[in-house]
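Chain by chain, the residues run as shown.
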Amino acid sequence: MLAIDDRWGRRRLAWLRREASGAGVARPGLLWLPGFNSVMVSSKASALDAWAEQDGRALTRFDYSGHGQSDGRLDQSCIGQWLADTLAAFEQLTDGPQIVVGSSMGGYLALLLARSLGAQVERLAGLVLIAPAWNMTERLMWEEMTPDIRAVLERDGVWMRPSAHGDPYPITRKLIEQGREHLIDLFDLDLGCPLRILHGAKDSDVPFDGSVDLIRAQADTDSRLIAVPDGDHRLARQQDIALLLRLIEEINENP
């Protein structure tokens, strides 16, 4: 467990690490950032781990606070805390250049990580993002809520959001309000590394247009967006995973 003691309190994060071997020792490691209410042993993360083993590549995974096997509760956590978790994992669990692979909220946190690294940004070999949910608390949550839902959130401090992938999950007033401290201006974002995005054109959770906007804002950098015409938000099919791995290899071939 990774022990953290910061403004968000003391907590322990569960993590897994696969060490590099063979030819993979000379390649950038991988840091997997899962989505909101997801875990480090999801189907995409497990497929990435199997590929990393075959490729001899280092891979680091962890659960955010309030997720999976880590300390805390989802309804008591927020973007700032998950960013702190991500920074701690990057700084303490990885070595050398890293390709950060982020899914949905993990894509948002990857962008926030790049913005927060300062001098350490040189350790970013690239970002490979799956349907990045940048500014998700405002753009994809608050702005999409009806007046009735906003009233419930203001009154009760929490609203249970229905999910097409499982049980309803909590959206808290703390999550929305604290998220406003971490909004990204796409045109003021200097990543300093290659950017690759994979996004399903039929994604009903994180609109495809958001990735188009991100790519347009990064037009002067080494960036590319791959659309999956029949892909939904999960992008966990075999052919989706193959595209994801190709984008990772592309960054490795063009450092």
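Residues numbered from 1 in each chain as written. Predicted model: local features only at pLDDT ≥ 70, side-chain atom pairs only at ≥ 80, totals over all residues. Heavy atoms only, no water.

Student: Could you give an account of the nonpolar core, naming the residues involved and the relevant values?
Tutor: Across soluble globular proteins, you tend to see nonpolar side chains buried next to one another. Counting 57 residues, the largest nonpolar core has Phe36, Trp82, Leu111, Leu127, Met136, Met145 and Ile171 as its most contacted members. Grouped together as the second largest cluster of nonpolar side chains are 22 residues, Trp32, Ile99, Ile226 and Leu247 included. (Core = buried A, V, L, I, M, F, W, Y, C linked by side-chain atoms within 4.5 Å. Buried < 20%, exposed > 50% of the residue type's maximum accessible area, 1.4 Å probe, protein only.)

Student: Talk me through the environment of Ala119; I want residue IDs and the actual numbers.
Tutor: Assignment of secondary structure puts Ala119 in the loop between helix H3 (105-116) and strand S7 (124-130). Put simply, Ala119 and Ala45 are 74 residues apart on the chain and 28 Å apart in space, counted from C-alpha to C-alpha. (Helix = DSSP H or I, 4+ residues; strand = E, 2+ residues; numbered from the N terminus.)

Student: Mind laying out the pattern of salt bridges, listing which residues take part and the relevant values?
Tutor: Within this structure, the stated rule accounts for 19 salt bridges. As a salt-bridge pair, Asp240 and Arg237 come within 2.8 Å of each other at their nearest N and O atoms. Looking at Arg237, the relative accessible area reads 30%, which means it is partly exposed. (Salt bridge = Lys/Arg side-chain N within 4 Å of Asp/Glu carboxyl O.)

Student: Describe the packing of aromatic side chains, with residues and values.
Tutor: Overall, the coordinates contain four aromatic pairs when judged by the stated rule. Measuring from centroid to centroid gives 5.4 Å for Phe36 and Tyr169, while their planes differ by 70 degrees, and the two rings are edge-to-face. Of this pair, Phe36 sits in the loop between strand S4 (29-33) and helix H1 (43-55) while Tyr169 is found in strand S9 (residues 166-172), placing the two residues 133 residues apart along the sequence. For the pair Phe36 and Tyr169, one class covers both residues: buried. With a centroid separation of 6.5 Å and an interplanar angle of 45 degrees, the aromatic rings of Tyr64 and Trp82 are classed as tilted. Pair noted here: Tyr64 is in the loop between strand S5 (59-62) and helix H2 (79-93) and Trp82 is in helix H2, with a separation of 18 residues, a long-range link. Each member of the pair, Tyr64 as well as Trp82, is classed as buried. Ring pairing ties together the aromatic residues Phe36, Phe62, Tyr64, Trp82 and Tyr169, which thus form one cluster. (Phe/Tyr/Trp six-rings, centres within 6.5 Å; stacked < 30°, edge-to-face > 60°.)

Student: Which residues make up the packing of H2 against H3, and what values do they have?
Tutor: Close contact between H2 and H3 brings their axes to 10 Å; oriented N to C, the two are set at 65 degrees. With respect to H3, the element H2 is oriented roughly perpendicular. Where H2 crosses over H3, the two elements pack in a sense that is right-handed. Here H2 contributes Ile79, Trp82, Leu83, Thr86, Leu87 and Phe90 to the contact with H3, which in turn contributes Met105, Tyr108, Leu109, Leu112, Leu113 and Ser116. Of the residues contributing to the contact of H2 with H3, the split by class is ten nonpolar, two polar and no charged. (Axes fitted to C-alpha atoms, helices over the stretch in contact; angles between N-to-C directions. Parallel < 35°, antiparallel > 145°, perpendicular 65-115°, else oblique. Left-handed = near helix turned anticlockwise from the far one by under 90°. Contact = heavy atoms within 4.5 Å. Nonpolar A, V, L, I, M, F, W, Y, C, P; charged D, E, K, R; others polar.)

Student: Talk me through the sheet that holds strand S3 (residues 15-18); I want residue IDs and the actual numbers.
Tutor: In sheet architecture, strand pairing relies on hydrogen bonds along the backbone and comes in two forms, parallel and antiparallel. Across the sheet, which stays open at both edges, the seven strands sit in the order S3-S5-S4-S6-S7-S10-S11 with mixed pairing between neighbours. The sheet is open, and its two borders are formed by S3 and strand S11 (223-228), each paired with just one other strand. The average angle at which neighbouring strand axes cross in this sheet is 15 degrees, direction not considered. Alignment of strand S10 (residues 195-200) against S11, held across six bridges, turns out to be parallel. Within S11, the residue paired with Arg196 across the bridge is Arg224. Sitting on the sheet, H1 touches S3, S4, S5, strand S6 (98-103) and S7, and the angle it makes with S5 is about 160 degrees. (Pairing = 2+ DSSP bridges.)

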